[in-house]
Amino acid sequence: MLKVKSSKKVCVTERFSIFYLFMEIVITDIKEIECITDALILPLCEGEGPIPYRDIDSALSGLIGRVMSSREFEGRHNQIALLHTPDDIIGPRRILLIGLGKRAEMTGEGIRQAGGKAASYLDSLGFKGVSLSTRYIASLMHSPTVFIEGILLSLYKFKKYRKEDTEGGIEKLTVLGRVEDLDRPIRWIEAVSLGVNFARDMVNTPSNDMTPTALSEIARGLAKDKVSVEILEREDAEREGMGAYLSVARGSMEPPKFVVLRYNGGNGPPIALIGKSITFDSGGISIKPSEGMEKMKYDMAGGAVVLAVIKVASEYELPINLIGILPAAENLPGGTASKPGDIVKTINGKTVEIINTDAEGRLALADAIGYAKKFRPRVIIDIATLTGACSVALGSEAIAMMGNDRGLMDKLRSIGDETYERVWQMPLYDEYREYLKSDIADIKNTGGKTGSLVTAAYFLREFAGDTPWVHLDIAGTAWAEKEKPYIPRGATGIGVRLLLNLLREI
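Because the structure is predicted, anything quoted here is derived from the model rather than measured.

### Details of the overall build of the chain
Helix and strand content of the chain: 16 helices and 23 strands. By the compact-globule yardstick of 23 Å for 506 residues, the chain fits well, its C-alpha radius of gyration being 24 Å. Based on the C-alpha atoms only, the size of the chain along its principal axes is roughly 85 × 45 × 45 Å. In the chain, buried positions account for 59% of the 506 residues. When contacts within the chain are restricted to residue pairs at least 6 apart in sequence, long-range pairs at least 24 apart make up 77% of them. Split by element, the accessible area of the chain, about 20600 Å² in all, is 48% carbon and sulfur. Both charge centroids of the chain, one from 63 positive and one from 67 negative side chains, sit 0 Å from each other.

This is the structure we're talking about:
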């Protein structure tokens, strides 16, 4: 038997605390009928009958077979049947059958969703301890850890501002299988899932608490061992020449915080990760419509991803060097706010004509990219809720990806398919430069509605230059309006699994 981790995780700073629950995971190689648990999860494909669990069905006098022959459970994808077991016959008090769908159509994502569906259902019933049989999924040539990932991601709850008790729900998961096969993969899956939930907590927190200062203090809380944190104040950014970034913060009384994290876990040039960190985006003088504006607390989702990635990379001790940059600010229409028509100078000396103050993310990222180049990074990856046009083009199903490093983009596409944090590459034709041509400055910050998804990325390309660079637009995917099998409504934490699995592969 192996216990993977304990249940409570707390990240505390001077002004802000993140508190979230996580279950204890125990791996043990015992028979299913011997496992004492509130509910034993048995995954099963459609049309295969009770044969894969013949020993359990026999111990229950054919109960599973009767339920299946009556067609109360057929194994359709995400179909559920909860069976109560007779007292003192077997260890599990209940059996939960969860459908994986047809074997020929089964995918890793389908298995992940089934894990989320099963766990959400059992959690809603108030069960404290559940168990999972892994032998059947393993026999299908799939890793059981994908199912477990669905379980872990589905149980996230954001209760910080509710009176109800933050305790409750599933507290222990017993995984039945060989420790030597499951220990390391489950450790990785749990670390990544904790990172996703860490990011979800930050994004779900309202902007009166999740200010640039609060975000910088969370970053400071990650400083230990191989992680160092530096916070550039407004005066520091002025000395660096970050006129574009600072222009975003001019309308707010909240001071901007330019956060720089360094994780030294390996050798060679670092990978620079830049996360858009606008803790609230009203649009500034080019103000947004009031409907739905409350969701604009999510405009720091890219920064939350970067913090989560560095947190997990350092705790898991990935052998790699990372630079994390969060240009944090609020975009508000105060009396000192930037105005359409203003011209600002960026860190590399280029001037930008501000056509629309609601195209503020690219201004902050431009100076962040320029600052990142000082570290001579192996590659720069920026992740941002950058454009409403991303949602128009791809809905909430894919991350828009653009860049100048085809090999890295191909790798991200492959990992995106595996994690189901899918990316879709958009073009960056040289002709898009004309869309951003200004009559009075080196470049303007928007070319208008036409091609706005790609011209936003092309704007960033002007500052990346020849440095290998990839841009990930998560505007359509960082927030879920509807609950999905392992994604609760609200912040999704998308990008954490994608980037961590990329770094692990690198």
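### What to know about the nonpolar core
The biggest cluster of nonpolar side chains holds 120 residues, and the ones touching the most others in it are L307 and L472. Residue contributions to this core peak at 10 residues, all from helix α10 (residues 301–316). Apart from the residues lying within four places of it in its own chain, the contact partners of L472 are I381, D382, I383, A384, I399, A400, M401, L412, V423, L498 and L499. Counting 51 residues, the second largest nonpolar core, distinct from the first, contains L60, L100, L155 and L182.

### Examining the sheet that holds strand β16 (residues 351–353)
Read from one edge of the open sheet, three strands run β15-β16-β20, paired in mixed fashion. Of all the strands in the sheet, the pair left with one neighbour each is β15 (343–345) and β20 (443–444).

### Observations concerning empty space enclosed by the protein
In the structure shown here, the tally under the stated rule is two cavities of 30 Å³ or more. Of the voids in this model, the largest cavity is the one considered here, and its volume is about 70 Å³. Forming the walls of the largest cavity are S247, V248, G251, G284, N331, L332, A337, S338, I354, T357, E360 and L363. For the lining of the largest cavity, the residue count by class is five nonpolar, six polar and one charged. Estimates place the volume of the second largest cavity at around 40 Å³. In terms of lining residues, the second largest cavity is bounded by A199, V203, A301, A304, V305, I474, A478, A491, T492, G493 and I494. Mapped onto the lining of the second largest cavity, the elements with two or more residues apiece are α6 (179–204) and α10.

### Let's talk about the layout of surface pockets
When its volume is computed, the largest pocket comes out at roughly 730 Å³. Forming the walls of the largest pocket are 30 residues, and the residues nearest its centre are K288, D358, T387, G388 and A389. Split into classes, the residues belonging to the lining of the largest pocket amount to 10 nonpolar, 10 polar and 10 charged.

### Observations concerning the pairing of strand β4 (residues 24–28)
Burial runs high along β4: four of the five residues are buried. Across five bridges, β4 lies against strand β9 (residues 172–176) in parallel orientation. From the neighbouring strand, T28 faces β9, where its bridge partner is L176.

### A few points about the side chain of S252
Among the structural elements, S252 can be located in the loop between α9 (243–248) and β11 (257–264). S252 sits in the buried class, given a relative accessible area of 8%. Reaching out from S252, the side chain makes a polar contact with the side chain of E330 at a distance of 2.7 Å. When residues no more than four places from it in sequence are discounted, the contact partners of S252 are E330 and L332.

### Examining the pattern of salt bridges
Applying the stated criterion to the full structure yields 33 salt bridges. One salt bridge connects D281 with K288, and the closest N-O pair in it is separated by 3.5 Å. You can call D281 buried: its relative accessible area is 2%.

### Re helix α3 (residues 108–124)
Over its 17 residues, α3 runs 24 Å from end to end, which matches the ideal 24 Å to within 8%, given 1.5 Å per residue. Those residues of α3 lying buried are E109, G110, I111, R112, A114, G115, G116, A118, A119, L122 and D123. Just downstream of α3, G126 is the residue with a positive phi angle, here 85°.

### Details of the packing of helix α13 (residues 406–419) against helix α16 (residues 496–505)
For any two helices packed against each other, the geometry comes down to the angle between their axes and how far apart the axes lie. Between α13 and α16, the shortest axis-to-axis distance is 9 Å and the interhelical angle comes to 120°. Taken together, the axes of α13 and α16 lie oblique to each other. In this structure, α13 crosses over α16, and the sense of that crossing is right-handed. When α13 is examined against α16, the residues L408, K411, L412, I415, G416 and T419 are found in contact with a partner set consisting of R497, L498, L499, N501, L502 and E505.

### Section: the packing of aromatic side chains
Applying the stated criterion to the full structure yields 10 aromatic pairs. Ring centres 5.9 Å apart and planes at 50° place the aromatic pair Y53 and Y136 in the tilted group. Taken together, the residues span a long stretch of sequence, with Y53 in the loop between β5 (39–44) and α1 (54–59) and Y136 in helix α4 (residues 135–139) at a distance of 83 residues. The two residues Y53 and Y136 agree in class, both being buried. On the basis of an interplanar angle of 65° and a centroid distance of 5.9 Å, the ring pair of Y371 and F375 is categorised as edge-to-face. Members of the aromatic cluster, connected to one another through ring pairs, are Y245, F258, Y371 and F375. The positively charged end of K295 is found above the aromatic ring belonging to Y298, 5.6 Å away from the centroid. The ring of F198 is capped by K311, whose NZ or CZ atom sits 5.1 Å from the centre of that ring.

Rules of the game
Residues numbered from 1 in each chain as written. Predicted model: local features only at pLDDT ≥ 70, side-chain atom pairs only at ≥ 80, totals over all residues. Heavy atoms only, no water. Helix = DSSP H or I, 4+ residues; strand = E, 2+ residues; numbered from the N terminus. Rg over C-alpha atoms; globule rule 2.2 N^0.38 Å. Buried < 20%, exposed > 50% of the residue type's maximum accessible area, 1.4 Å probe, protein only. Contact = heavy atoms within 4.5 Å. Areas by Shrake-Rupley, 256 points an atom, 1.4 Å probe, with all protein chains shown as cover. Lys, Arg positive; Asp, Glu negative; His and termini not counted. Charge placed at Lys NZ, Arg CZ, Asp CG, Glu CD. Core = buried A, V, L, I, M, F, W, Y, C linked by side-chain atoms within 4.5 Å. Pairing = 2+ DSSP bridges. 1 Å grid on protein atoms, 1.4 Å probe; cavity = no way out; pocket = protein on both sides within 12 Å on 5 of 7 lines; lining within 4 Å. Points joined across faces, edges and corners; volume = space filled by probe spheres on them. Nonpolar A, V, L, I, M, F, W, Y, C, P; charged D, E, K, R; others polar. Polar contact = N/O pair within 3.5 Å; in protein donor to acceptor, adjacent residues only side chain to side chain. Salt bridge = Lys/Arg side-chain N within 4 Å of Asp/Glu carboxyl O. Expected span 1.5 Å × (residues − 1). Axes fitted to C-alpha atoms, helices over the stretch in contact; angles between N-to-C directions. Parallel < 35°, antiparallel > 145°, perpendicular 65-115°, else oblique. Left-handed = near helix turned anticlockwise from the far one by under 90°. Phe/Tyr/Trp six-rings, centres within 6.5 Å; stacked < 30°, edge-to-face > 60°. Lys NZ or Arg CZ within 6 Å of the ring centre and 35° of its normal.

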